[in-house]
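Chain by chain, the residues:
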Amino acid sequence: MIIITQQRDKCIGCHYCVDLAYERWRMSRKDGKSTLLGSEESRGFHTVKVGDEEFEDNVRAAEACPVNIIKVKKV
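**Student:** How should the side chain of Asn 58 be read in this particular structure?
**Tutor:** Note that Asn 58 resides in helix H2 (residues 55-64). Among the residues examined, Asn 58 registers a relative accessible area of 0% and is labelled buried. If sequence neighbours within four positions are ignored, Asn 58 has contacts with Ile 4, Ala 21, Glu 23, Arg 24, Trp 25 and Val 72.

**Student:** Could you clarify how one ought to interpret H2 in this entry?
**Tutor:** Because the α-helix completes a turn every 3.6 residues, residues three or four places apart line up on one side. All of the buried residues along H2 are Asn 58, Ala 61 and Ala 62. For H2, the buried positions fall inside an angular range of 100 degrees around the axis, keeping them on one side. For H2, the exposed residues lying more than 90 degrees away from the buried face are Glu 56 and Glu 63. Tucked inside the fold, the buried residues of H2 contact strand S1 (2-6), helix H1 (16-20), strand S2 (25-27) and strand S6 (70-74).

**Student:** Looking at this model, I keep getting lost on the nonpolar core. Mind explaining?
**Tutor:** Where a protein is soluble and globular, its nonpolar side chains tend to be buried together. Counting residues in hydrophobic clusters, the biggest one holds 15 residues, and the most contacted among them are Ile 4, Cys 17, Trp 25 and Ile 70. Listed by contribution, the elements that provide at least two residues to this core are S1, H1, strand S5 (45-50) and H2.

**Student:** Would you mind showing me how to read the sheet that holds S6 here?
**Tutor:** The strands that make up a sheet are held in pairs by hydrogen bonds between backbone atoms, and each pair lies either parallel or antiparallel. Spatially, S4-S5-S1-S6 is the arrangement adopted by the 4 strands of the open sheet, whose pairing is antiparallel. On the outer flanks of this sheet lie strand S4 (40-42) and S6, each paired with one strand and no other. On average, each strand axis in the sheet is tilted by 25 degrees relative to the strand beside it, whichever way the strands run. Where S1 lies against S6, 5 bridges are found, and the strand directions are antiparallel.

**Student:** Would you take a moment to explain unusual backbone geometry for this structure?
**Tutor:** Among all residues save glycine, negative phi is the norm, and among peptide bonds the norm is trans. One non-glycine residue with positive phi stands out, namely Arg 43, at about 55 degrees. The residue Arg 43 is located in the loop between S4 and S5 in this model. Phi is positive for Asn 68, which is not a glycine, with a value near 55 degrees. Relative to the elements of secondary structure, Asn 68 occurs in the loop between H2 and S6.

Basis of the calculations
- Residues numbered from 1 in each chain as written.
- Predicted model: local features only at pLDDT ≥ 70, side-chain atom pairs only at ≥ 80, totals over all residues.
- Heavy atoms only, no water.
- Helix = DSSP H or I, 4+ residues; strand = E, 2+ residues; numbered from the N terminus.
- Buried < 20%, exposed > 50% of the residue type's maximum accessible area, 1.4 Å probe, protein only.
- Contact = heavy atoms within 4.5 Å.
- Arc of directions from axis to C-beta.
- Core = buried A, V, L, I, M, F, W, Y, C linked by side-chain atoms within 4.5 Å.
- Pairing = 2+ DSSP bridges.
- Axes fitted to C-alpha atoms, helices over the stretch in contact; angles between N-to-C directions.

Note that every value here comes from positions in space, so none of it alone points to a role or purpose.
So this is what it looks like as structure tokens:
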């Protein structure tokens with residue numbers, strides 16, 4: 001299992017996360033920021049637990065994020 005965390009307020013809408021891990025990310029038409037699908041928000045952090053099969057794509061998304069607001073951790 002992995003945990004993906006995003007600080008959505010700091011998103012600049014570059015779209016890299018959606019390109020690299022489409023099964024977990026979408027761009028919001030409302031504000032132009034990325035949305036972590038299936039996540040819950042707490043104090044500005046959006047978090048979701050998912051299976052190990054999503055690890056590689058989401059690590060690439062986190063590494064590509066120019067504002068470094070995506071964290072991926074195995075648990």
